[in-house]
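Structural description and commentary
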Amino acid sequence: CTVPFNVDRQFKMGSGNNNYGCDNDEIRSAKILKAGKGSVFSVTGRPDGGFGQGRTGVTFKRAILLPITISSFNRSYETADVKVEVSHGGGLDGSISYAYFRPASQQKGKPPVEEASTGP
């Protein structure tokens, strides 16, 4: 699925629950096409968005202008570009049911074009 990363949004995975083509319990990685410094997104295992079945948060430490890949939502790590934090049990690869997106542009009031694309 491909999610525009230009405004705050949150949504449930699965057919009919979002307009981005994001299937429930299928996502295992993400390819970030563009993201502003300070942008964040997180995914959870519960269809109601709760953290009881795991949460993985991704924070962009600098502007992403060339694509980068988050290869797994099961492990915490940090690079010069990104910080990935697994909490509440983790184990979300193939078990993601809800997502939250908060681009830095929304935090500062000017929206650049940003996208995140997820896949198996």
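The residue count restarts for each chain, going from 1 along the sequence in the order it is written. Local features are withheld for residues below a pLDDT of 70 in this predicted model, meaning they are given only at 70 or higher, and side-chain atom pairs are given and counted only at 80 or more; totals for whole chains, interfaces and linings count all residues. Excluded from the side-chain calculations are hydrogens and water; all other atoms, namely the structure's heavy atoms, are used.

Re the overall build of the chain
Starting at the N terminus, helices and strands are each numbered in turn, a helix being any DSSP run of H or I of at least four residues and a strand any DSSP run of E of at least two. The secondary structure content of the chain amounts to one helix and ten strands. Secondary structure elements in the chain, listed N-terminal to C-terminal, are β-β-β-β-β-β-β-β-β-α-β. By definition in these notes, contact holds between two residues if any of their heavy atoms fall within 4.5 Å. Looking at the chain alone, contacts between residues at least 24 apart form 67% of all its contacts between residues at least 6 apart. Using a 1.4 Å probe, the Shrake-Rupley method yields the accessible areas, and only the shown protein chains count as cover for residues. Of the roughly 6100 Å² of accessible surface on the chain, 47% is carried by carbon and sulfur atoms.

Concerning the pattern of salt bridges
A side chain with one charge can pair with a side chain of the opposite charge if their charged atoms come near. Think of a salt bridge as a Lys or Arg side-chain nitrogen and an Asp or Glu carboxyl oxygen that are within 4 Å of each other. The full count for this structure, using the stated rule, is five salt bridges. Its salt-bridge partner being Lys61, residue Glu78 comes within 2.8 Å of it at the nearest N-O pair. In this pair, Glu78 sits in strand S7 (residues 77-78) while Lys61 sits in the loop between strand S5 (55-60) and strand S6 (68-70), placing the two residues 17 residues apart along the sequence. Note on exposure labels: buried denotes an accessible area under 20% of the residue type's maximum, exposed denotes more than 50%, and partly exposed covers the range between, all computed with a 1.4 Å probe on protein chains only. According to the relative accessible area criterion, Lys61 is partly exposed, its value standing at 34%.

As for the packing of aromatic side chains
Here is the rule: rings of Phe, Tyr and Trp (six-membered ring for Trp) pair when centre to centre is within 6.5 Å. Planes less than 30 degrees apart are stacked, more than 60 are edge-to-face, and the remainder are tilted. What the rule picks out here adds up to nine aromatic pairs. Residues Phe5 and Phe60 carry aromatic rings whose centres are separated by 6.1 Å and whose planes lie at 65° to one another, so their mutual orientation is edge-to-face. Remark: Phe60 occurs in strand S5 and Phe5 occurs in the loop between strand S1 (2-4) and strand S2 (9-12); sequence separation between them is 55 residues. For the pair Phe5 and Phe60, a shared accessibility class is recorded, and that class is buried. Look at Tyr98 and Tyr100: their rings are 5.1 Å apart centre to centre, the planes differ by 55°, and that puts the pair in the tilted class. With a relative accessible area of 24%, Tyr100 lands in the partly exposed category.

Concerning the sheet that holds strand S9 (residues 98-102)
Paired strands, in this sense, are two strands between which DSSP finds at least two bridges. Spatially, S2-S9-S4-S5-S8-S7 is the arrangement adopted by the six strands of the open sheet, whose pairing is antiparallel. Sheet topology places S2 and S7 at the edges, where each strand pairs with a single neighbour. Of the pairings in the sheet, the one linking strand S4 (residues 40-44) to S9 comprises five bridges and is antiparallel in character. Bridge pairing in S9 places Val40 opposite Arg102.

Re the environment of Phe5
We classify Phe5 as buried; its relative accessible area is 0%. C-alpha separation for the pair Phe5 and Lys34, spaced 29 residues apart in sequence, amounts to 8.0 Å.

Let's talk about the environment of Gly90
Relative to the helices and strands, Gly90 resides in the loop between strand S8 (82-87) and S9. The sequence separation of Gly90 and Phe73 amounts to 17 residues, and the corresponding C-alpha distance is 7.6 Å. Once residues lying within four places of it in the same chain are set aside, the contact partners of Gly90 are Gln53 and Gly54.

Here we look at the pairing of S9
Where S2 and S9 come together, four bridges link them in antiparallel fashion. Note that in S9 the partner of Phe11 across the bridge is Ala99.

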